[in-house]
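# Structure assessment
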Amino acid sequence: MSISSCIGISTMKPCCRILIGYRSSTFFGFSLPKLNNPGIHNNLSKSQSKSAHHRRFRYHSVNNRSRIIGNKSLVNSNRRAFNVSDSNWGHSKIFTSSFHVDMGRIRGVLVIPRVSSDIRNHSTSVESHINEKGFENIYIQGGLNVKPLVIKKIETGNNVVKEEDKSNRIEINGTSVNIDYLKGLNETAPKVEREVSETEKEAWKLLQGAIVNYCGNPVGTVAANDPADKQPLNYDQVFIRDFVPSALAFLLNGEVEIVKNFLLYTLQLQSWEKTVDCHSPGQGLMPASFKVRTAPLDGSDRAFEEVLDPDFGESAIGRVAPVDSGLWWIILLRAYGKITGDYALQERIDVQTGIRLILSLCLSDGFDMFPTLLVTDGSCMIDRRMGIHGHPLEIQALFYSALRCAREMLIVNDGTKNLVSAVNNRLRALSFHIREYYWVDMKKINEVYRYKTEEYSTDAVNKFNIYPDQIPSWLVDWIPEEGGYLIGNLQPAHMDFRFFTLGNLWVIISSLGTQKQNEGILNLIEAKWDDLVAHMPLKICYPALEYEEWRIITGSDPKNTPWSYHNGGSWPTLLWQFTLACIKMGRPELAQRAVDLAEKRLLRDQWPEYYDTRSGRFIGKQSRLFQTWTVAGFLTSKMLLENPEKASLLLWDEDYDLLETCVCALSKTSRKKCSRFTARSQK
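Residues numbered from 1 in each chain as written. Predicted model: local features only at pLDDT ≥ 70, side-chain atom pairs only at ≥ 80, totals over all residues. Heavy atoms only, no water.

### Digging into the packing of aromatic side chains
Inclusion rule: Side-chain rings of Phe, Tyr and Trp, where Trp is taken by its six-membered ring, are said to pair if the distance between their centres is within 6.5 Å; with planes under 30 degrees apart they count as stacked, over 60 as edge-to-face, and otherwise as tilted. Helix and strand assignments follow DSSP, with helices taken as H or I runs no shorter than four residues and strands as E runs no shorter than two, numbered in order from the N terminus. Categorising residues by exposure relies on relative accessible area from a 1.4 Å probe, with only protein chains included: less than 20% of the type maximum marks a residue as buried, more than 50% marks it as exposed, and the intermediate range marks it as partly exposed. Here, a charge over a ring is recorded when the distance from Lys NZ or Arg CZ to the ring centre is within 6 Å and its angle to the ring normal is within 35 degrees.
A full pass over the atoms with the stated rule returns 22 aromatic pairs. Ring centres of Tyr 485 and Phe 499 lie 5.5 Å apart, and the angle between their planes is 70°; on these two criteria the pair is classed as edge-to-face. Placement of the pair is Tyr 485 in strand β20 (residues 484-486) and Phe 499 in strand β23 (residues 499-500), with a sequence separation of 14 residues. Here Tyr 485 falls in the buried class, since its relative accessible area comes to 0%. Residue Phe 499 is classed as buried on the basis of its relative accessible area, which comes to 1%. Relative to Trp 652, the ring of Trp 506 has its centre 6.4 Å away and its plane inclined at 55°; by these criteria the two rings are tilted. One end of the pair, Trp 506, is in helix α11 (residues 501-509); the other, Trp 652, is in the loop between α19 (644-647) and α20 (656-660), with 146 residues separating them in the sequence. With a relative accessible area of 3%, Trp 652 lands in the buried category. An aromatic cluster of three or more residues is present, and its members are Trp 474, Trp 478, Tyr 485, Phe 499, Tyr 542 and Trp 563. Between the NZ or CZ atom of Arg 593 and the centre of the ring of Trp 529, over which it lies, the distance is 4.0 Å. Geometry around Tyr 235 places Arg 624 over its ring, the cationic atom sitting 4.5 Å from the centre.

### Structural notes on helix α2 (residues 240-252)
In an α-helix, one full turn covers 3.6 residues, which means residues spaced three or four apart are oriented alike. Filter applied, for reference: Here a helix's expected span is defined as the number of its residues, less one, multiplied by 1.5 Å.
The end-to-end C-alpha separation of α2 is 18 Å, in line with the 18 Å expected for 13 residues at 1.5 Å each. Judged by how many residues are buried, α2 sits mostly within the fold: 13 of 13 residues are covered.

### Some words on the pairing of strand β17 (residues 289-296)
Successive side chains on a regular strand alternate, one facing one side of the sheet and the next facing the other. What counts here: Only when DSSP finds a minimum of two bridges between them are two strands counted as paired.
One ladder, built from two bridges, connects strand β16 (residues 238-239) with β17; its direction is antiparallel. Pairing of Phe 239 across the sheet is with Ser 289, part of β17. Pairing analysis gives eight bridges linking β17 to strand β18 (residues 304-311), with the strands arranged antiparallel. Each bridged residue has a counterpart across the sheet, and for Pro 296 the counterpart in β18 is Phe 304.

### Here we look at the pattern of salt bridges
Put simply, the rule is: One speaks of a salt bridge when a side-chain nitrogen belonging to Lys or Arg is within 4 Å of a carboxyl oxygen belonging to Asp or Glu.
For the coordinates displayed, the defined rule picks out 19 salt bridges. Lys 638 serves as the salt-bridge partner of Glu 200, at 4.0 Å between the closest nitrogen and oxygen. With Glu 200 in helix α1 (residues 198-209) and Lys 638 in helix α18 (residues 628-642), this residue pair connects regions lying 438 residues apart in the sequence. Taken individually, Glu 200 and Lys 638 each receive the classification buried, so the pair is uniform in this respect. Its salt-bridge partner being Asp 324, residue Arg 241 comes within 2.7 Å of it at the nearest N-O pair. One end of the pair, Arg 241, is in helix α2; the other, Asp 324, is in helix α4 (residues 323-340), and 83 residues separate them in sequence. Several salt bridges share partner residues, and in doing so they unite Glu 200, Glu 599 and Lys 638 into one network.

### What to know about unusual backbone geometry
Cis geometry marks the peptide bond from Pro 537 to Leu 538; its omega dihedral reads -10°. Here Leu 538 shows up in the loop between α13 (529-532) and β24 (541-542). Unlike most non-glycine residues, Ser 511 shows phi in positive territory, near 65°. Structurally, the position occupied by Ser 511 is in the loop between α11 and α12 (515-527). At Trp 563, a position not held by glycine, the phi torsion is positive, near 65°. Relative to the helices and strands, Trp 563 resides in the loop between α14 (547-554) and α15 (575-584).

Structural data, given as structure tokens:
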């Protein structure tokens, strides 16, 4: 088996540097493979602990050998760090001396450390200090033996990623593309192949061209790759949310390495120091994006180093932390395991710890009375001021999905049982809250229209003191007789009646809504096709904020003008999520209709980020071209439609066991029903 090189040595002789600032728990280590080379000197780990700010690795070419100079691993005295065990699982070792590596015998070693993933077979595991309200400090108990991470192009053993027959791949503009998704999975049915369209060929070429490499390994895709764009701003970075459709396209095409690398590299960035104006957010925060930068090595003109430069929101417009990044990371981690069968990645100690840190941040106690996450404006895909501060549906749907993913992947032991219990309790409460209070259809709107206000009672019908005059005039004539949707936001005395597409689609995908509600959402989209799809799928929200409302809510944002960008713009990347929702509800023809519509224009229009105007006829006035998640969303949609059984791996069914154990304290009146009974009655 060939092993891919982690250390990227180019003609310019680059070297890699990883800067890691630790705030508290240290759960990553570093290891190098055991080499039969007299230049290696092993020292037992009795060195004094020192405060560490970074690790640096330098590589120079010396007579066809690569020299690694000064592997420095300094650890703060109040932290526990992983060391490297030898093959006898005895004393740990730290490599401190310089040595030579024979590149003729060793292809490369990985700069990023790895912890042993065989958790179930060893007594040591991730433990936590747990009090009645949660856990803050996560540590590793006992000197766990760890192994170096080497990324193999072909996994073996339990990681079922088999080498593909070259006959299953085709060459498209120099890009190898797996066409297995064009074949039916049912062996008894005749295998049908279709010709790959020119649009798909171009899309694969663009997706491969958007790949970002770090130390010789693919780690993600840039947000946009427009060669004519002279001011890319942050579109030349790898965004966590943007990479999700790219990752799914790669996974469905049998390209696993880039997704695995992405998950591991972004996991390391989670532990970075994150400070804005002397204040640091929670430890589990994942970055919104990162960029691979090159810098001269110690002033040298001949050597340079690669540095990962993450953005946790300190450089973002408005300086808003990306709440959705950690949620997307957990969702992608589950998808990786489901599609590849490589569940060992989820079981790794560093990955388990990363999941727990994200959950700790999301489940932390606060002042809020509701199970929904309280966030500020601009903390998700809509990353500018659009009046979604509070409890936006998009965040709640992703939060619910991430909780379900985490519950599947968490290893239950004494250190996690309290966390798993907290996840289950939040899932129950969140499910009921969204189904009961966010859902609107003709009947519910009529009910709100007749609300009494200023009710002071635990038995109040109008719990959030919603004033009937809040019902917008457009909604009265817009809502169809059959169907409905979940509103965009809910707060005291405020219901945001706008239709937000991403949130409603994830309600279907994750089964956050009941069966009847999920069907109602797709019925509404079909009934209001001319408003929500028209010439280009799909509207990010409907309707747009206009006139005085636009001036007050957006602050007169020149980019979010009516029917543009986040304010009613049409985003083709939403196609893959729409496709998943349609497949789940047995309506693939609806998704096919949208994909066919997009395919007619995307290639001709050079894959824009978004479209403007009420019907989506114009390319967005500030839209980047060759937008990667537009490309990836289209490709993923095509593959899912060709192979719906793959889509089933990314979906969730209703969890009736979860609802059966609901402990909500609602009284037994005819109107107030527990979510478990509501779910069954609406099935």
